[in-house]
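In case you want the letters, here they are:
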Amino acid sequence: MRTCTVSSQEAQAKEGGEAQQKKKKMAVVVFSGSLDRLTGVAMLVSGAVAMEYNVELYLMLWAVHAFKKENVGKITHLSEFKEFEPEMAKRLNWYDLIKRAKKLGSVKIYACAGSAAVWNVIPEDLELVDGIIGVGEIVERLAEADVALFV
Amino acid sequence: MAEGQLPPEELRKLKPDKVVDARGVACPGPLLAAKQAITEVPVGGVLEVLSSDPGTKRDLPLWAKKTGHVFLGVIEERGYWRLFVKRMK
């Protein structure tokens, strides 16, 4: 059994402090607009924020559709196992999870310009979206990220 | 028990400055609850997190290390865990 000495606590804190000096970044291309996949994204975003990552989401096609103000609370379809739709629609809430994560940490959400053009939307038409950026910049930002995902 | 952690009998003697009850909340809820609650604990003070989510007892030590706090240990109760973190800054 080890006792909780001051020196080991200080060492741990110092190590953590160093890790915090330069925050890591998680970048996620969100292409999907289904309830289950968006919930998966929301869970990852929450975990990343808790672990002090900066998070950036780049919304493409179906995700842009799902983030539209008129759609955001109404997504009920699943990408798989569609027989669970009524139950999952009651139990999963991706939007509130992302909103909470955005309050607690650094979460930036951008819509891909091409997809925004498909739906003819500006950032004000979308919930939680900070801006619209081109796919070239998205690739550059993905290249800089410590964790890069496509959902 | 990892370095820096206290045995359950020592943890039971602690007087936490704040207790956050995240029982019944799924992962990553308890972690976010801890992130929010630690700001209400004075530096050098202790936060106790109650969680029924089995992911928390692995995530919370990782989180504490990452954020520069000290994970003091865990007590397993019936159906939930009591986890202790000391705020270091």
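The structure displayed is predicted, hence computed values, not measured ones. (Residues numbered from 1 in each chain as written. Chains lettered and ligands numbered in written order. Predicted model: local features only at pLDDT ≥ 70, side-chain atom pairs only at ≥ 80, totals over all residues. Heavy atoms only, no water.)

## What to know about the overall build of chain A
Short version of the rule: Secondary structure elements are defined from DSSP: runs of H or I of at least 4 residues count as helices, runs of E of at least 2 residues count as strands, and each element is numbered from the N terminus. Only protein chains enter the accessibility calculation, which uses a 1.4 Å probe; a residue whose area is less than 20% of its type maximum is buried, one above 50% is exposed, and one in between is partly exposed. The method behind every accessible area is Shrake-Rupley, applied with a 1.4 Å probe, and residues are considered shielded solely by the protein chains displayed.
When you go through chain A residue by residue, the secondary structure sums to seven helices and five strands. Reading the helices (α) and strands (β) of chain A from amino to carboxyl end gives α-β-α-β-α-α-α-β-α-β-α-β. With 151 residues in all, chain A has 43% of them scored as buried. Total accessible area computed for chain A in this model is approximately 8000 Å², and 56% of it derives from carbon and sulfur atoms.

## Thoughts on the sheet that holds strand E4 (residues 131-133) of chain A
By definition, the strands of a sheet pair up through backbone hydrogen bonds, in either a parallel or an antiparallel sense. Residues and elements named next belong to chain A. We apply this condition: DSSP-based pairing: two strands are paired if at least 2 bridges between them are found. Axis lines are fitted through C-alpha atoms, for helices just across the contact stretch, and the angle between N-to-C directions can take any value from 0 to 180 degrees. Every residue pair with non-hydrogen atoms within 4.5 Å of one another is taken to be in contact.
Spatially, five strands are ordered E4-E3-E2-E1-E5 in an open sheet, and the strand pairing comes out parallel. On the outer flanks of this sheet lie E4 and strand E5 (147-150), each paired with one strand and no other. The sheet shows a mean angle of 25 degrees between the axes of neighbouring strands, taken without regard to direction. As paired elements, strand E2 (residues 54-59) and strand E3 (residues 107-112) share five bridges and run parallel to each other. Note on E3: the bridge partner recorded for Leu-57 is Ile-109. Contacting strand E1 (25-30), E2, E3, E4 and E5, helix H7 (residues 135-144) runs over the sheet at an angle of about 140 degrees to E1.

## Brief notes about the sheet that holds strand E1 (residues 18-21) of chain B
Residue and element names in this part refer to chain B. Spatially, the four strands line up as an open sheet ordered E1-E2-E4-E3, and their pairing is mixed. Every interior strand has two partners, whereas the edge strands, E1 and strand E3 (70-77), have only one. Recorded for the sheet is a direction-independent mean angle of 20 degrees between the axes of neighbouring strands. Sitting on the sheet, helix H3 (residues 56-67) is in contact with strand E2 (46-51), E3 and strand E4 (80-86), with an inclination near 5 degrees to E4.

## Quick word on the pattern of salt bridges
Condition: Here, a salt bridge means any Lys or Arg side-chain nitrogen found within 4 Å of an Asp or Glu carboxyl oxygen.
Under the counting rule described, the total for this entry stands at 13 salt bridges over all chains. With a closest N to O distance of 2.9 Å, A:Glu87 and A:Arg91 form a salt bridge. One end of the pair is A:Glu87 and the other is A:Arg91, both in helix H4 (residues 85-91) and four residues apart, which spans about a single turn. Take A:Glu87: its relative accessible area is 37%, and that puts it in the partly exposed class. For B:Arg23, the salt bridge goes to B:Asp21, with nearest N and O atoms at 2.8 Å. The exposure class of B:Arg23 is partly exposed, given its relative accessible area of 37%. Because the salt bridges share partners, they merge into one network encompassing A:Lys25, A:Glu56, A:Glu137 and A:Arg141.

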